Structures are given as structure tokens and as C-alpha cells.
Amino acid sequence: MRLKTLDPIAQQLRRLDDQLAVRPPIIETILITVPAVPAALGFIIGLSLGESLRLAWPVCFAGALLTLLLSSFSRRFKSPPHQAASLTLCMILLFVWLGMLRLEYFHTPYPNDARLLVRSEPYPATIRGTIISDIYRENRKSWLFGDYQFTEPARSFYLAIDQYQTQTGVWAAARGIIRVQVAQPAVHIRSLDRVQMYCILGGFKPPANPGQFDFQNYMHSRGVHLSAAVQTSDGISVLDRPTGISFHKAVLALKRLAWQALLSEMPDESDQRTAMAAALLLGYQQTIDLPTNEAFLRTGLSHIISLSGMHMAIIAAMVWWIAKAAGLEKRKRAIVTWILITAYALIVPPRAPTLRAVVVCWIFCAAMLFRRRPHPVNTLAVAALVMLLYRPMDVFYPEWQLSYGTILGILLFYKPILGWLSQYTLEKIQSLSAGILPARTLYWLIQILVEMFAVGIAAWFGGSGILLWNFGSFTPLCTLWTILVAPIIPIILYLGFFKILLAGFLPTLSVMMSAVILHCSRLFAVAVQGFAAVDFTSFRIGPIAGWIAAAYYMLILIWLLRHQLHPFARKLGYTVLTAIVVAGLILHLQSRRDGLSLCCLSVGHGQAVVLRTPTGDAFLFDTGSISNKDPGSRVVIPYLKHKGIDRLQAAFISHGDLDHFNGLPEIAATGFIETIYANASFQEKTQFPSAPAELAKHLNQYHIPIHPAPKSITSGPVQIRSLWPTDAAPQSLSDNDRSEVLLITYAGKSILLCGDIEIAAQTELLKLYPDLHVDIMLLPHHGSTTNLIPDFISRIAPDTVIASCSQSRLKNTYVPTQNQQAFYTGRDGAIEIKIKADGTCSTVGFGNSK
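As the structure is a prediction and not an experimental result, all values here were calculated from the model.

Asker: Sorry, what's going on with the overall build of the protein here?
Answerer: Looking only at helices and strands, the protein features 29 helices and 24 strands. Oriented by its inertia axes, the alpha-carbon framework of the protein measures out at about 90 × 65 × 65 Å. For the protein, the residues scored as buried account for 47% of the 850 residues in total. Once local pairs closer than 6 in sequence are excluded, the contacts in the protein between residues at least 24 apart make up 71%. Surface summary for the protein: the accessible area is close to 40,900 Å², and the carbon and sulfur share equals 63%. Between the averaged position of the 71 positive side-chain charges in the protein and that of its 54 negative side-chain charges there is a distance of 14 Å.

Shown next as C-alpha cells:
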């Protein structure tokens, strides 16, 4: 909404009228203008309580009936405000029970439910069902060493199971969705085929590391509880292939047509210009490279490549204009807009912001049909209710919370912020516009900027608490960056949507639009990467406690109700809640510097260790795996963000085995690493074609050279000292035996990182340091006993031993003595060691801590 040019006196009179206006009680206003708000609030509370209490459905149903009975007594109140208050309270309580009832229904298995087939361990099974999704090919391009894997890129799809074979050979009915992964190319199957497959059935595993994406919880929230692993494509046979037309077939065909129309006359998706256009127009972000994706996260501009209200508004405006040009009256335009918005929603990923925007568009189209004027806040509440009825678990995910939080912030704060900004900008220059054309033009430009700034700040207020709670990140310049890229985005979106619609009819125009879209996409990506390079564009402090975020939003609520509250209560609320937020943030920041922490992450057969010192410095020791894919992006980077680590002072590479460094390129690409250290053995390998040489070449792109490993590094009271290899170590030693062995000391405690040293190096180490004793040892060679001399561990006598190994190697790992504490990443998940300044030490496994 544009701020109209008013005389300054008239504006001040309007503000005075607003202050003196008699306002009805807030409860009455809510019940009359936005009745869906208490319903949505109650439903969200019910879902939250239902997830923790898990009450049986008869209890929820009885509670809802009792609430309906109590609501009938609200008529006995003679005062209208009391009636409104009781009705609102009953509505909230009713929807609390309905929320718990919906969640219980979601969690309760129905007869023949596929989730009943989940067992404690994976098992072989034969199943039948229909492929209901596209068949996706595993993307390894984002992982530099992805091609070094021993297997072909996997294929995956979703299967609607209808039968499974029991142990007696009888086919039994089953219902549900299964995620299938095939280890080989499967060219003989297609979407919508009914297939039979021999597979390994099992449940999804929980995350093994702090900050790692909880894939198990995510799949459960989508109603998928089973995964099927097919070892060979021969394990799948096609039983039936549909030939007619069906809804699913039409949707898949529509998706392919949209992709073909957009990508025609464009490079393939490995070109980042095409990847950016596909993300902006069709919502597919998988092909955006890691540095660009990280730049979007650092600048807070990820919302632009997540299909949301802006995209739907542009589509609706474009369709409305075309329908108007075709001579259709308003109701018919609304119907056409509704149809095309629905079609677009079917071909893009069903993310929370997209679905919210689609439902809002539906409501506005319906309002146009029935000649009604919907209230924006009420519309948002209805959209929230509709989406949570459809997918109740979405409320627990940051994507949903941010989607609704930022829009609610815009609806509630835009006008007050716009008025405040206008008072100090537009009103100051308004006198200059009288009769002067350049001044009027300047006024108009500043007016647009002020409105955009008001929208950005309002969205920031609505989403900042959620961002800090879930991600621990703070992007103060997000509004400024959004304004700077704002002119580019509409060009890409309008031309892209026109191209999708008209590519088949106007091929020459399609080529011209492709060229403009590619240039604008490139400019957009370069701008975002440039913004991300600004040091203060983002601050990462680690996820804050939920009570701090709750206090922040209660502070906002008091501000919204400031005219309804007594001045003393308002001031008291401001003071107490501000003190809680500030004290909580101070305690949170102090907890990050409470002693030393070292975490041995669970990366399968490999190693990745993160050290954080009391001074705030962070170091990385190895990052690699030969059993888990892309450990840098999937494990280490999420852990660093979860702990609020923005920079690594140094990364150490122990030696030249792939399972110790093949995750480093992705960490370097995202700007976390300042320096990399490696010993002479590793640096020798960079001089001829090899995996270390490939790593060195990649690091040079980011101006990160590999330096010789220093003999010692000091970070405040923490010392990191290299014990092996010495300058006198024989050159004839194997690569494993030339692994870097590091000793970390702090507060009288010591930790030994052994790399992959074998018998020769272990023997030499005991000779060089006969009195060596440590408190904690990261076992050599992933805890394997194959190349371990009998008295190596007993001579050093650690109290705690840690093996960084995969679950399949647990049988071959070191068995601790009676007085030792042992942890295995393949069993216990990430192992975190904390040492306080007084020398108090604790060790816990992430899998056990939960």
C-alpha cells in the first residue's frame, strides 16, 4: 500500500485522531474481525501438547464435547466483553482438543498400515506396489570426491505398497508409502508402474551428530516410516504398466512440460545460471552449488529461492492481466487464476511457504467469486489451519514457522514501521516536492524504498526469534540485501513464467527471454555472493533456548496490546521480558566459552574431530569417510553451525588416506577454513596425480594453501603439540605409519589423536615417549585390532578410549579393559568431551545423551 502525499499538519492530525479514538476491547475485535486466529492458535497449542502428552483419542474427543457444553454457558454473561472473552476462550480450548485429536489420528496406525512392518533390525522382504513419484538419480556433483565412490549413483523413488509376502509365502495386504533406494541404474521402470521387488526393509535411523538433519523425523512427519534397499536392478520386476490417463500421470506430464519449456535454449542444470532459474521459477534447489547456497543462508536471502507469496502474487497478477486483456469479467478471472495457481502448485515441491501462498490465493479467489473482502490476518490463520489439518507435523519445522512468522510480522508491523520511517524521511523532504519535478521524482523513489524497508523490517521482527531458536543465526543486513536485489527478481520471474506458458507458441521470443533470464540469474548469484563476503552480514551464535525466543515474542505481544494494557503493567512487562531476553543471550554466549570441548563426529568409516578452546578458537582434525557420503556437507558443516562456529582457525590432515580428507573441499568452499596443515607425507602426494593433488587444486580456487604442520600451536591455555612423525622418521614407513599424532593438553588433562598409525609407528612412539600418559585417546586406525601392538594402549593407559568407526566394523574394534571407558561412533554417535577450567572432564555419546 502506497503512502499518499499529505500535508504534514494533516498527517499529525490523523495520528492524533488514532490516539484519541475509542477502541473496543481487544477480545471483541478479534472475535468479530479475525475469528480464525483463536482457532488457529488453539490448534497449534493442541498439536504441541499432543506431541508431548499423546492422549488417547477418546480423551481428546470427550474434552472437545465438554468444551462445547461449557461454551453454551457464555450466554449467561450479561456484559458483551465477558461474553466475547468466554466464547474466545472456549474456541481456543476446543481447537486445542481438536489439535491433539488430529495428531493422535496421525500417529495411530490403521489396519494393514505399512509402519507395522518396521522391525528393530532390517530384514529381507518381497513387496508389491505402485511407483508414485519420479525416479531420482543421486546427485554427486556437489561432492568433489563423489566420483571416488565404489558404487554407481543410487536411484530413489516413493512406492505406494499394497502387498507384502509373509514368511509362509502368502501375499498379505498393506497400505502406506515406502522410500525405495536402488543401488544400480534401473532403466526398465517408470513412474506409475506397478512393481514387485526383493529388498531389505527397515526403518529410518535417527541423526548421529548434533545439528545433523533429522531425516527419520522428517520422513515420519510425511507419513513415511519404511525404507527399502534394493541391491540390483534385477530385484525389481514390472507387473503392470498403465496405458490410460490418470491424475498422477497428468501431473507428471505437466511437470515434464514445465521443465522442458523453462530449460529449452538453456545450458544443462550444472550451469549455475540455469540452476538459479530453476530454483526461482520451479523451486528445485538441489543443483545450486554449495558456495552459492551458503551465500544465500549467510545473507538471509534463502526466502527468495523458496517459492512463496511473492511468486504466487506475480503468477496471479500475470494471469489476471492476461484474462483481463482477453475480456473476461472479474469472477471468470478469479476462476482462471484459481485453476492456474492450482496447476502450478502441483508441479513444484510442496514446501510450507508454497502451500501457504497457494491457500491464501485460493481464499482471495473465493472472496472475489462471492464478492467479499477477506481480512489478511484472518486469511493467514485459515491457511495455517488448512495446512495443519493436512500436514500436522509441519508446525514443528522451522520452514513452516518462518513462513507464517514472517508474514504475520509484515501484517502486524508494516503500518507502524512505515509510519515511523515516513515521519523521519518522507515528511522531511515533502516540502521540497512543491512544484519541482526532480524533487517529486526523488520523493516517489524514496517512498518506494521506505515501503520496501518497512516490509523487510516487519518480516525480520516476525522471523528473527524463530531463526535464533532453530539455527542460531542473526542476519541484520537481510532487509538491505533484499532491497538491493529486488529489481532483478521480478524480471526473472515474469520472463520465466511467460517462457513456461509461451515457449511452445513463440520459439524466437523464448530464445530471447532465455538470454535475459540467464544474464539476470548470473547477476543475482554474483550479487548474493558479494553480499555474503561482507564480514558483518551474518552472526552465528548457535541455537538459543526456547524460553528466550518465547520471551522475545511475548515482548512483541505486549507491544501489540500496548493500548489495551494498564501503563504500569505495560512497563513492567517491557522491563521483565527485556531483562529475560538479555540475560538469556548473555548466558548463552558465556556457555560457549565454558572450558574446552572436543567432538569426534560420527562419519562411518572415517574421521572428523572438532576442537573448540575457551578463547573461542576452533580447529578441525581430518574430515573424511569411505562409508558415509559427503561428510563435510552433511555432518561437519551442520555441526559447526549448530555450535555457532563461524570460522576454523586451522584444519589438520593427518595423512593421505581418502577417509581422512574427502570432506574438506565442501567445508573450504563455504568459507569456514582459514588455514590447512598437513605433514610432508601428504604434501609429497600433491606433486603427482592423486586424490591429495585434486584436493590441493580445489583449495587453490579459494586461496587456501596447504602449509607444513607446525610442531605446536597455542590457543590461550590449550596447547596442541605434534608428537609424530619426527624429522628422523624413516621415509620407508607406510602412509598410515606417517600419520600425524597430536597431543592436546588443557587444565591438567590430555587427549591423544593417533591418526592411522600401525605397528611400526606405535613402537617408535613408545620409544620416544616412554612416560607418555593421557586421559583420553582417539584409537589408531579407527580402533582396529589388526595392526595394534598388544601393549600400546596399556602403556599409555588412557581412562577413556574412542573409536571413530562404522557400525559394520564394531566386531573388529578394541575391547576396553575393566577400568576403561570406551565409546564407538558407530554405536554411540558423535562423542563429545568437555573439560572445565578446574580439570573436570565428562564424555558423552550423542546417541546416548538423547
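Asker: Is there a simple way to explain the nonpolar core in this structure?
Answerer: General note: in soluble globular proteins, nonpolar side chains tend to be found buried as a group. Residues Leu280, Leu282, Ile305, Tyr344, Phe497 and Phe524 are the most contacted members of the largest nonpolar core, which totals 51 residues. Broken down by element, this core gets its largest block of residues, nine residues, from helix α19 (residues 507–532). When residues no more than four places from it in sequence are discounted, the contact partners of Phe497 are Leu281, His311, Ile314, Ile315, Met318 and Tyr344. Counting residues in hydrophobic clusters, the runner-up holds 35 residues, among them Val603, Leu640, Ala651 and Ile676.

Asker: Any chance you could explain the pattern of salt bridges here in plain terms?
Answerer: Where charged atoms of side chains with opposite charge meet at close range, the side chains can pair. Going through the model one piece at a time under the given rule, you end up with 19 salt bridges. With a shortest N-O distance of 3.5 Å, Lys499 and Glu265 are connected by a salt bridge. Here the residue Lys499 occupies a position in helix α18 (residues 488–502), and Glu265 occupies one in the loop between α7 (247–263) and α8 (272–282), the gap between them amounting to 234 residues. The salt bridge partner of Glu294 is Arg540, with a shortest N-O separation of 3.7 Å. Of this pair, Glu294 sits in helix α9 (residues 290–299) while Arg540 is found in strand β9 (residues 539–540), placing the two residues 246 residues apart along the sequence.

Asker: Is there a simple way to explain unusual backbone geometry in this structure?
Answerer: Comment: phi is negative for the bulk of residues other than glycine, and the bulk of peptide bonds are trans. Cis rather than trans, the peptide bond between Trp724 and Pro725 has omega equal to 0°. Relative to the assigned elements, Pro725 resides in the loop between β17 (718–724) and β18 (741–746). In this structure, His782 takes a positive phi of about 60° despite not being glycine. Looking at where His782 falls in the secondary structure, it is placed in the loop between β20 (776–778) and α27 (792–796).

Asker: Would you take a moment to explain the sheet that holds strand β23 (residues 831–835) for this structure?
Answerer: Think of a sheet as strands paired side by side through backbone hydrogen bonds, with each pair either parallel or antiparallel. Taken together, eight strands build an open sheet; the order of strands is β15-β14-β13-β12-β11-β10-β23-β24 and the sheet is mixed. Of all strands in the sheet, those bounded by a partner on one side alone are β15 (706–708) and β24 (841–845). Pairs of neighbouring strands in the sheet enclose a mean axial angle of 25°, with direction left out of account. Across five bridges, β23 lies against β24 in antiparallel orientation. Along β24, the bridge assignment pairs Glu832 with Val844. Those strands touched by helix α22 (residues 631–642) are β10 (596–600), β11 (606–612), β12 (618–625) and β23, and its axis lies near 155° from that of β12.

Asker: Explain the packing of helix α4 (residues 57–71) against helix α5 (residues 80–107) to me, please; I cannot follow it from the model alone.
Answerer: Helices that pack against each other are described as a pair by the angle of their axes relative to one another and the distance between those axes. Axis separation between α4 and α5 bottoms out at 9 Å; the angle between their running directions is 165°. As summarised for this structure, α4 and α5 are arranged roughly antiparallel, according to the angle between their axes. Viewed along their axes, α4 and α5 form a crossing whose handedness is left-handed. Only Leu87, Cys90, Leu93, Leu94, Trp97, Met100, Leu101 and Glu104 of α5 make contact with α4, whose side of the interface consists of Trp57, Val59, Cys60, Phe61, Gly63, Ala64, Thr67, Leu68, Leu70 and Ser71. Tallied by class, the residues present in the contact of α4 with α5 amount to 14 nonpolar, three polar and one charged.

Asker: Whenever I open this one, the packing of aromatic side chains confuses me. Can you help?
Answerer: To describe a pair of aromatic rings, one takes the distance between the centres and the angle between the planes. Under the criterion given, the structure shown has 20 aromatic pairs. For the ring pair Trp481 and Phe531, a centre distance of 4.3 Å and an interplane angle of 5° mean the geometry is stacked. Remark: Phe531 occurs in helix α19 and Trp481 occurs in helix α17 (residues 478–485); sequence separation between them is 50 residues. On the basis of relative accessible area, Phe531 is assigned to the buried category, the value being 13%. Relative to Tyr553, the ring of Tyr552 lies with its centre 4.9 Å away and its plane at 75°, an arrangement referred to as edge-to-face. A cation sits over an aromatic face here: Arg128 above Trp171, 3.7 Å from the ring centre.

Asker: Explain the environment of Leu89 to me, please; I cannot follow it from the model alone.
Answerer: Mapping Leu89 onto the fold places it in helix α5. Judged by its relative accessible area of 59%, Leu89 is exposed. Between the C-alpha atom of Leu89 and that of Val576, which follows or precedes it by 487 residues, the distance is 26 Å.

Asker: It is not clear to me how the side chain of Ser750 should be interpreted in this structure. Could you clarify?
Answerer: By secondary structure assignment, the location of Ser750 is in strand β19 (residues 749–753). Once you skip the residues sitting within four places of it in the chain, Ser750 turns out to touch Leu743, Ile744, Thr745, His773, Val774, Asp775 and Ile776.

Asker: Looking at this model, I keep getting lost on a nonpolar patch on the surface. Mind explaining?
Answerer: A grouping of Ile335, Trp338, Ile339, Leu340 and Trp362 is seen on the molecular surface, where their side chains present a nonpolar patch of about 440 Å² in accessible area. Residue contributions to the nonpolar patch peak at four residues, all from helix α11 (residues 330–347). Mapped onto the elements, Trp362 comes out in helix α12 (residues 352–369). Judged by its relative accessible area of 31%, Trp362 is partly exposed.

Asker: I keep staring at the pairing of strand β4 (residues 171–182) and nothing clicks. Help me out?
Answerer: Both faces of the sheet carry side chains from a regular strand, because those side chains alternate between them. Residues Ala172, Ala174, Gly176, Ile178, Val180 and Val182 of β4 are buried on one face, while the alternating residues Trp171, Ala173, Arg175, Ile177, Arg179 and Gln181, pointing to the opposite face, are not. Between the end of strand β3 (residues 155–165) and the start of β4, which pair antiparallel, lie five residues, with Gly169 showing a positive phi angle near 90°. In terms of strand pairing, β4 meets strand β6 (residues 224–230) through six bridges, oriented parallel. Its bridge partner being in β6, Arg179 is matched across the sheet by Ser227.

Asker: Could you clarify how one ought to interpret the pairing of β11 in this entry?
Answerer: With seven of seven residues buried, β11 is to be regarded as a mostly interior element. Here β11 shows two buried faces, one formed by Gly606, Ala608, Val610 and Arg612 and the other by Gln607, Val609 and Leu611. Relative to β11, β10 runs antiparallel, the two sharing four bridges. By the bridge assignment, Leu598 is partnered in β11 with Leu611. Once β10 ends, the chain turns through five residues before running back antiparallel as β11, passing Gly604 with a positive phi of about 75°. Relative to β12, β11 is paired through seven bridges, and the arrangement is antiparallel. Pairing of Arg612 across the sheet is with Ala618, part of β12. As consecutive antiparallel partners, β11 and β12 are separated by five residues, and within that stretch Gly616 has a phi angle of approximately 95°, a positive value.

The rules behind the values
- Residues numbered from 1 in each chain as written.
- Predicted model: local features only at pLDDT ≥ 70, side-chain atom pairs only at ≥ 80, totals over all residues.
- Heavy atoms only, no water.
- Helix = DSSP H or I, 4+ residues; strand = E, 2+ residues; numbered from the N terminus.
- Buried < 20%, exposed > 50% of the residue type's maximum accessible area, 1.4 Å probe, protein only.
- Contact = heavy atoms within 4.5 Å.
- Areas by Shrake-Rupley, 256 points an atom, 1.4 Å probe, with all protein chains shown as cover.
- Lys, Arg positive; Asp, Glu negative; His and termini not counted.
- Charge placed at Lys NZ, Arg CZ, Asp CG, Glu CD.
- Core = buried A, V, L, I, M, F, W, Y, C linked by side-chain atoms within 4.5 Å.
- Salt bridge = Lys/Arg side-chain N within 4 Å of Asp/Glu carboxyl O.
- Pairing = 2+ DSSP bridges.
- Axes fitted to C-alpha atoms, helices over the stretch in contact; angles between N-to-C directions.
- Parallel < 35°, antiparallel > 145°, perpendicular 65-115°, else oblique.
- Left-handed = near helix turned anticlockwise from the far one by under 90°.
- Nonpolar A, V, L, I, M, F, W, Y, C, P; charged D, E, K, R; others polar.
- Phe/Tyr/Trp six-rings, centres within 6.5 Å; stacked < 30°, edge-to-face > 60°.
- Lys NZ or Arg CZ within 6 Å of the ring centre and 35° of its normal.
- Patch = residues over 30% accessible without salt bridge, like charges linked within 9 Å, V, L, I, M, F, W, Y side chains within 5 Å.

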